[in-house]
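Structure at a glance
Each chain, written out:
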Amino acid sequence: MLESLSSKVHDEGRQGEAYQPAVAAAREFRKRFYIESYGCQMNFADSEIVAAILNDNGFGATGNYAEADLILLNTCSIREKAEQTVRNRLHLFRQVKESRPGMLIGVLGCMAERLKSKFLEEEKLVDMVVGPDAYRTLPGLVAEAETGQKAVNVLLSREETYADISPVRLDSNGVTAFVSIMRGCNNMCSFCVVPFTRGRERSRDAHSIIRECADLFEKGYKEVTLLGQNVDSYYWLDEAADHTVTFAQLLERVALIDPSLRVRFSTSHPKDITDDVLLVMARYDNICRYIHLPVQSGSTRILQLMNRTYTREWYQAKVDRILAMIPDCGLSTDIIAGFCTETEEDHQDTLSLMRYARYDMSYMFFYSERPGTLAARRYTDDIPEEVKKRRLDEIVKLQNRLSLEKNKEDIGRTFIVLIEGDSKKSAADWRGRNSQNKVVVFPKGVSGLRKGDYARVKIEDCTGATLIGRVTE
Ligand code: SF4
């Protein structure tokens, strides 16, 4: 579990996704690489940086690993299952390599640090291991591995932000894109591996962020999501102008690129989201009315053990503040069931906090200990699995009820929806999202709308996960 714990939210549908290049692009290069990504949005964004670095060094992408000269797995260390999946993939690639001896296999990302000696020396599954701050050294490591040496660089950096690298877009919808604004995390939430696998917080040069967002807009993208483990603690010193840029200021600058460019951000730590950020959100219509505000538990005692640095009451006051300043703001969260020592009373506190915040959506998991975390060192993972699962089930059921209730309240309302593509169920319907990040599906009809357009949609029906509507004038 703990998909929710890095920046953050895992999109289950994207796990193991391979980079699909434009066919023409692959022909220009002398060698080909294949990259498969796991984990959170940060990892997917990193794969785009890796693709840019490799492109610059003569490697074009392929979506077919059997024809690749270099196979890369960008890994996540957040949950146990992911590790096994990666190991299985590596065994498969090893077999492919037997018939293509020159092929190289590398592991990137969060697992690199922890499993480097296992993958490289013990199991001899890979030729290269490269940590999240060492992607610039990839071309040199490839050259080293080509000579038959094992190539490793898992050093964490205090400075690296890849600010000057223009990522090769991995997703292909051409409408929405992620833009990394910072790396690492200084919070030491006791359940989380991020501070150990991705290192200390570093904020990226604000000018390069604005340039990247403006460039995306010029290329036709209509939405950017500013990405980081803890975006609200973004803080960049502009030495030339002798002033600092906070997250609120950055958000405003991105919003000012164009009123038709939507701006989102993820993820917020409740302790860091300030009134300044909320004021900027309220001021600009193109900053989406949606905040992912991970609570993790509704019990102050458990929150203390998790080292979240806020209490239940403080979090509730933050929710109140957000809704007072942005009344139509959508809220989602991350919840962990069955953290160490969690009692039934603690669990009930989580359920009652969910009812208080009335989240539109939650990422919900039961706790499983991750090696190297503070919790693994300090506490016993003492809640039986069946209890964790039962509590998680209650949390999921409550969230399903809340999501449906909240969606029903939207029936009769009209939203501006950014069209992202065809609905998954029918090519006769468009699929997009409203400002609150809810998925909206509506018939294409004869309106002449296209992917990337905004549509005014009146909601007529819903499920727990989707609003269903019709275009209105
Ligand atoms: S340490 Fe806490 S704030 Fe930082 S990434 Fe992990 S869960 Fe998020």
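Nothing here was measured: the structure is a model prediction, and the numbers come from that model.

Spatially, three strands are ordered 8-11-14 in an open sheet, and the strand pairing comes out parallel. A strand with exactly one partner marks an edge of an open sheet, and here the two such strands are strand 8 (176–180) and strand 14 (262–266). On average, each strand axis in the sheet is tilted by 25° relative to the strand beside it, whichever way the strands run. Here strand 8 runs beside strand 11 (residues 223–227); their pairing, made up of five bridges, is parallel. By the bridge assignment, alanine 177 is partnered in strand 11 with valine 224. Against the sheet, helix 7 (residues 206–218) engages strand 8 and strand 11, with an angle of about 170° to strand 8.

Their axes nearest at 10 Å, the elements helix 12 (residues 344–357) and helix 14 (residues 385–409) cross at an angle of 15°. In terms of their interaxial angle, helix 12 and helix 14 are classed as roughly parallel. Every pair of crossing elements has a handedness; the one defined by helix 12 and helix 14 is right-handed. Of the residues in helix 14, those touching helix 12 at Glu344, His347, Thr350, Leu351, Met354 and Arg355 are Val387, Arg390, Arg391, Glu394, Ile395, Leu398, Gln399, Arg401 and Leu402. Of the residues that constitute the contact of helix 12 with helix 14, the class distribution is six nonpolar, three polar and six charged.

Inspection of every chain in the model, using the stated rule, returns 10 aromatic pairs. With a centroid separation of 5.0 Å and an interplanar angle of 65°, the aromatic rings of tyrosine 65 and phenylalanine 93 are classed as edge-to-face. You can see tyrosine 65 sitting in the loop between strand 3 (59–61) and strand 4 (70–75) and its partner phenylalanine 93 sitting in helix 3 (residues 80–99), a full 28 residues away along the chain. Classification of phenylalanine 93 as buried rests on a relative accessible area of 0%. The interplanar angle of 25° and the centroid separation of 6.3 Å between the aromatic rings of tyrosine 310 and tryptophan 314 together place this pair among those described as stacked. Exposure remark for tyrosine 310: the relative accessible area of 4% places this residue in the buried category. Using a relative accessible area of 37% as the deciding quantity, one classes tryptophan 314 as partly exposed. An aromatic cluster is defined as three or more aromatic residues linked by ring pairs; in this entry it consists of Phe191, Phe339, Tyr367 and Tyr379.

On to helix 4 (residues 110–122), then. Under the 1.5 Å per step criterion, the end-to-end length of helix 4 is 19 Å for 13 residues, consistent within 8% with the ideal 18 Å. The sharpest bend along helix 4 measures roughly 65° and falls at lysine 116. Of the residues making up helix 4, those classed as buried are Cys110, Met111, Ala112, Leu115, Phe119 and Leu120. The positive-phi residue at the C-terminal boundary of helix 4 is lysine 124, with phi of around 50°.

A few words now on unusual backbone geometry. The omega torsion across serine 266 and threonine 267 is 10°, close enough to zero to call that bond cis. As for its position among the elements, threonine 267 is in the loop between strand 14 and helix 9 (275–283). The phi dihedral of arginine 358 is positive, around 50°, even though this residue is not glycine. If you trace the backbone, arginine 358 turns up in the loop between helix 12 and strand 17 (361–366). Of the residues examined, arginine 358 reaches a relative accessible area of 25% and is grouped as partly exposed.

Moving on, we get to the environment of valine 417. Mapped onto the secondary structure, valine 417 falls in strand 18 (residues 414–422). Of the residues examined, valine 417 reaches a relative accessible area of 0% and is grouped as buried. In this structure, the C-alpha to C-alpha distance between valine 417 and valine 245, residues 172 residues apart in sequence, is 31 Å. With residues near it in sequence (within four places) discarded, valine 417 still touches Arg262, Gly432, Arg433, Val440, Phe442, Asp453, Tyr454, Ala455 and Val457.

What counts and what doesn't
- Residues numbered from 1 in each chain as written.
- Predicted model: local features only at pLDDT ≥ 70, side-chain atom pairs only at ≥ 80, totals over all residues.
- Heavy atoms only, no water.
- Pairing = 2+ DSSP bridges.
- Helix = DSSP H or I, 4+ residues; strand = E, 2+ residues; numbered from the N terminus.
- Axes fitted to C-alpha atoms, helices over the stretch in contact; angles between N-to-C directions.
- Contact = heavy atoms within 4.5 Å.
- Parallel < 35°, antiparallel > 145°, perpendicular 65-115°, else oblique.
- Left-handed = near helix turned anticlockwise from the far one by under 90°.
- Nonpolar A, V, L, I, M, F, W, Y, C, P; charged D, E, K, R; others polar.
- Phe/Tyr/Trp six-rings, centres within 6.5 Å; stacked < 30°, edge-to-face > 60°.
- Buried < 20%, exposed > 50% of the residue type's maximum accessible area, 1.4 Å probe, protein only.
- Expected span 1.5 Å × (residues − 1).
- Bend = angle between axes of the 7 residues up to and from the residue.

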